[in-house]
Amino acid sequence: MAAALRGRAGALAFFAVAAAVPLAVRDQFFLDTLILILLWGALSAAWNVAGGYAGQVSLGHSAFFGIGAYSAALLSARYGQSPWIGMLIGMVLSVGAGLIIGYLSNRLRGPYFALSTIAFSQVLLIVASRWRGFTAGSEGIPVPFRPGFATLGLGHVAWAYLALGLAALFYGIQVYLERSRVGYQLAGVREDEDAAEALGIPSRRLKVVAVTASAALTSVCGTLWAQYVGFVDPFYVFSVDLSIRFALNTIIGGMGTALGPWLGSILITALETYLRATFAGMKTGFAGIYLVIYGVALILVVRFVPEGLAGVGARLRARWTRAHA
Amino acid sequence: MDSARRLGPAQIGVLAQLGVSTVLLGGIYALIAVGLTLIFGIMRVVNFAHGEFLMLGMYLAFWAFTAYSVDPWVMLFVSIPIFFVVGLVTYALVMRGVIHASHNVQIFTTVGLSTALQNVALVLWTGDFRIVRPWHSSVVIRFADTAFNLSQVVAFLIAVALTVALFAFMKWTHTGRVMRATAQDGDAATLMGIDTDRVYRLTFAIGIAAVGAAGVLVAPLYAVYPTAGLQFVLLAYVVVVLGGLGDMVGAMLGSLIVAAVEVIGSYLFGVAWKEVLYFVLFIAVLAFRPAGLFGQRGAETLGA
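## Quick notes on the overall build of chain A
Of the regular secondary structure elements, chain A holds 16 helices and two strands. Relative to the 2.2 N^0.38 estimate, which gives 20 Å for 325 residues, the radius of gyration of chain A is 20 Å and therefore close to what a compact globule would have. Taking the principal axes of its C-alpha atoms as reference, chain A extends roughly 60 × 50 × 40 Å. Here the contacts in chain A between residues at least 6 apart in sequence split such that 76% fall between residues at least 24 apart.

## Observations concerning the overall build of chain B
A tally of helices and strands in chain B yields twelve helices and two strands. Beginning at the N terminus, the succession of helices and strands in chain B can be written as α-α-α-α-α-β-β-α-α-α-α-α-α-α. Rg of the C-alpha trace for chain B: 20 Å, near the compact-globule value of 19 Å for 304 residues, within the 12% margin. Counting only C-alpha atoms and orienting by the principal axes, one finds that chain B spans roughly 65 × 50 × 35 Å. Across the 304 residues of chain B, 50% fall into the buried class. Long-range contacts, defined as pairs at least 24 residues apart, comprise 77% of the intrachain contacts of chain B with a sequence gap of at least 6.

## Let's talk about helix H5 (residues 103-125) of chain B
Within an α-helix, residues lying three or four positions from one another point in the same direction, as the helix has 3.6 residues per turn. All names here are of chain B. With 23 residues, H5 should cover 33 Å at 1.5 Å per step; its first-to-last C-alpha distance of 33 Å lies within 8% of that length. Counting buried positions along H5 yields 19 of 23 residues, so the element is predominantly enclosed. At the C-terminal side of H5, Thr126 shows a positive phi close to 60°.

## Regarding the packing of helix H14 (residues 260-279) of chain A against helix H15 (residues 289-304) of chain A
All names here are of chain A. Remark: H14 packs on H15, axes separated minimally by 9 Å, with the N-to-C direction vectors making an angle of 150°. One way to sum up the angle between H14 and H15 is to call them roughly antiparallel. Touching Ile268, Leu271, Glu272, Leu275, Arg276 and Phe279 of H14 are Ile289, Tyr290, Ile293 and Tyr294, all from H15. Its residues assigned to classes, the contact of H14 with H15 shows eight nonpolar, no polar and two charged.

## Digging into the interface of chain A and chain B
Taken together, the contact between chain A and chain B spans 38 residues of the former and 38 residues of the latter. Counting only elements with at least two residues in the side of chain A that touches chain B, the list comes to helix H5 (83-107), helix H6 (110-130), helix H13 (240-253) and H15 of chain A. With 13 residues, the top contributor of residues to the side of chain A that touches chain B is H6 of chain A. For the side of chain A that touches chain B, the per-class residue count stands at 26 nonpolar, seven polar and five charged.

## Some words on the nonpolar core
All names here are of chain B. Among the nonpolar cores identified, the biggest contains 202 residues, and Ile28 and Ala214 are the most heavily contacted of them. Per-element tally for this core: the top contributor is helix H2 (residues 9-43), with 16 residues. What Ile28 contacts, discounting residues up to four positions off in sequence, is Ala155, Phe156, Ala159, Ala214, Leu217 and Val218.

## Side note on unusual backbone geometry
One non-glycine residue, Arg44 of chain B, lies in the positive phi region at around 60°. Looking at the secondary structure, you find Arg44 of chain B in the loop between H2 and helix H3 (50-68).

## Notes on the packing of H3 of chain B against helix H4 (residues 72-95) of chain B
Residues and elements named next belong to chain B. For the pair H3 and H4, the least separation of the axes is 10 Å and the interaxial angle reads 135°. Looking at the two axes, H3 sits oblique to H4. Viewed along their axes, H3 and H4 form a crossing whose handedness is right-handed. Here Phe53, Gly57, Leu60, Ala61, Ala64 and Phe65 of H3 come into contact with H4, specifically with Pro72, Met75, Ser79 and Phe83.

## What to know about the environment of Leu242 of chain A
Residue and element names in this part refer to chain A. Turning to its location among the elements, Leu242 is positioned in helix H13. It is 8.0 Å that separates the C-alpha atoms of Leu242 and His61, two residues lying 181 residues apart in sequence. Apart from the residues within four sequence positions on either side, Leu242 is in contact with Ser62, Phe65, Tyr236 and Val237.

## Re helix H10 (residues 228-243) of chain B
For H10 of chain B, spanning 16 residues, the distance from its first C-alpha to its last is 24 Å, which sits close to the expected 22 Å at 1.5 Å a residue. Phi for Gly244 of chain B, located one or two positions after H10 of chain B, is positive at around 95°.

## Comments concerning the environment of Ala64 of chain B
Topologically, Ala64 of chain B is positioned in helix H3. Excluding residues within four positions of it along the chain, Ala64 of chain B makes contact with Val70 and Met75 of chain B.

## Notes on the confidence of the model for chain A
Averaged over all residues, the pLDDT of chain A is 85; the fraction at 70 or higher stands at 95%. By mean pLDDT, helix H1 (residues 2-5) of chain A is the weakest element of chain A at 52, and helix H11 (residues 203-229) of chain A is the strongest at 91.

## Quick look at the confidence of the model for chain B
All names here are of chain B. Across chain B, pLDDT averages 84, with 93% of residues at or above 70. Note on residues 297-304: pLDDT under 50 across the span, and 13 contacts to partners over four residues away in sequence or across chains. Overall fold confidence for the complex sits at a pTM of 0.87, while the interface term, ipTM, reaches 0.85.

Criteria and thresholds
- Residue numbers restart at each chain and count upward from 1, following the sequence in its written direction.
- Chains and ligands are labelled sequentially in the order written, the chains with letters from A and the ligands with numbers from 1.
- Only residues with pLDDT of 70 or above have their local features reported here, since the model is predicted, and side-chain atom pairs are shown and tallied only from 80 upward, although totals for entire chains, interfaces and linings are computed over all residues.
- A run of DSSP states H or I qualifies as a helix once it reaches four residues; a run of E qualifies as a strand once it reaches two. Both are numbered from the N-terminal end.
- The size measure is the radius of gyration over C-alpha atoms, and the globule rule it meets is 2.2 Å times the number of residues to the 0.38 power.
- Placing a C-beta atom from the backbone of each residue, one calls two residues in contact when those atoms lie within 7 Å.
- Remark: C-beta atoms are placed from the backbone, and a residue is labelled buried if 20 or more other C-beta atoms sit within 10 Å of its own, exposed if 12 or fewer do, or partly exposed between those counts.
- Take the number of residues in a helix, subtract one, and multiply by 1.5 Å to get its expected span.
- Lines are fitted to the C-alpha atoms to define the axes, a helix being fitted only along its stretch in contact, and any angle between axes, read from their N-to-C directions, falls within 0 to 180 degrees.
- Here the angle decides the label: under 35 degrees means roughly parallel, over 145 means roughly antiparallel, 65 to 115 means roughly perpendicular, and every other value means oblique.
- Three classes are used: nonpolar for Ala, Val, Leu, Ile, Met, Phe, Trp, Tyr, Cys and Pro, charged for Asp, Glu, Lys and Arg, and polar for all others, with Gly counted as polar.
- A set of buried Ala, Val, Leu, Ile, Met, Phe, Trp, Tyr and Cys residues, joined to one another through C-beta atoms within 7 Å, is what we call a nonpolar core.
- Crossing chirality is assigned from the near helix's rotation relative to the far helix, an anticlockwise turn below a right angle marking it left-handed and a clockwise turn marking it right-handed.
- How sure the predictor is of each residue is captured by pLDDT, a score from 0 to 100.

Here it is as structure tokens:
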């Protein structure tokens, strides 16, 4: 138990604070920020499973997010079904799509794989925005609000705990990937695929499994996000920007680390909320200033701190331990 | 619908129009794609920000036309040196430090650059759709049964001239030969006394100058807005993957194929669905012939 907790004090503190906040704070704006931090973190963690742990960098993960969002929204808006069923259907569809992308990841490396994932999300964007009869096209779908847990019509506090439960689950999955046999095998494949293959690690199958799992997790978040926000816009849910954002949170927080996605999410979500509030009254385009900062931050982080915030934290801790040993 | 099946004069007219449209469009796509493939071929970097330089070229044409009534055709000559310098500066500030880094670092560096440039444009010039309408965009040229506007025809001719010039430069000048040598084997080139950093700098600047010029050329044909580059660059990726990343002749053939898919697809299925066709083509090529239709097998799994 002690060994399992070592080096996880930061994560424990983070989840403890996140759990305590809704008890003390009833301010909707604050709770909303907390929910978004947890959800964005979970999305980035889902991306991290493929991008960080398996080294399959995708720029088309919004495809799975959109599948999850649309499955639940269409099912509840058109057929009056529970979004939980939509979530399951979304997962099944995303597993199918993940297998296709995973197959591509076996044939393509680096930029080729990233390009193929972008193309995949663009195909879904075009279908969702043009197939008026089924998806309502570019108008998007408003998600009906029906109070109750079965219909995900929840208040802010309930949403906060739901998002927290999801975050804890995804954190656990990542910890498993760090400590299990499969996790070590994935790290081997990521660092040197040919060497891993030579050691008898089934690298192709592992990559497909990682990408597919990542797709399913992303889809779950997509469903929850759509139910929380209450609207599905094809140009948002399938956008390249969204895919970049999953990666951005993870890279800033630390790729291939369990807490990294939430560290990145805290920083980026807080920055976005602050800048949006600051520049809200100004001419419309000015809201884009935070995206300029994202872009520059991304360039600087991959260049100068490629291990991200979690990596910097680990380095500082190591230095401190050495100094006080 | 029945009469469309028979091959009458009207149908030959349609075919001629489709054929000429394909060639006109293909020429412009070639100029956009050739810079991308050049940068990839020599630097081994996929420039995810390529479309943003196209967008900046479109804005340059828009502002020159709106503020100073400068025709895009004149602006073209100004844009080439401007974007050459933009390329040099971008290389020095952003690309130089990551040229030997891993794929992931390179991907996210150019992705970050793309996000930053798109939103700089959004902040400075808002998200409004802007339109450039010089006199030549309303002049229609009729030839046999086909009709085209003058902007499109001249854009095609200039694009082809620039692409051919770039091709000749790579083929026959000493600098071009040095660049190709670096592409083939960077280490060997260094041993032969080639300053590879200088080659990369020049390559990036030439690639950006080509796509910036393309932006100025297409400004009278398409709306200008901060994410205008995205649709073109996605298309350019399709082109260069079809032709084999890094292969300049392949890029030209790829442009024609993509243009044909687009023109014929929009004729048969309507404009709304044409992109689906070339993305499906793209994914199929990546899945089954990832080195491109004409490339050597295996290139995509190497350090590429």
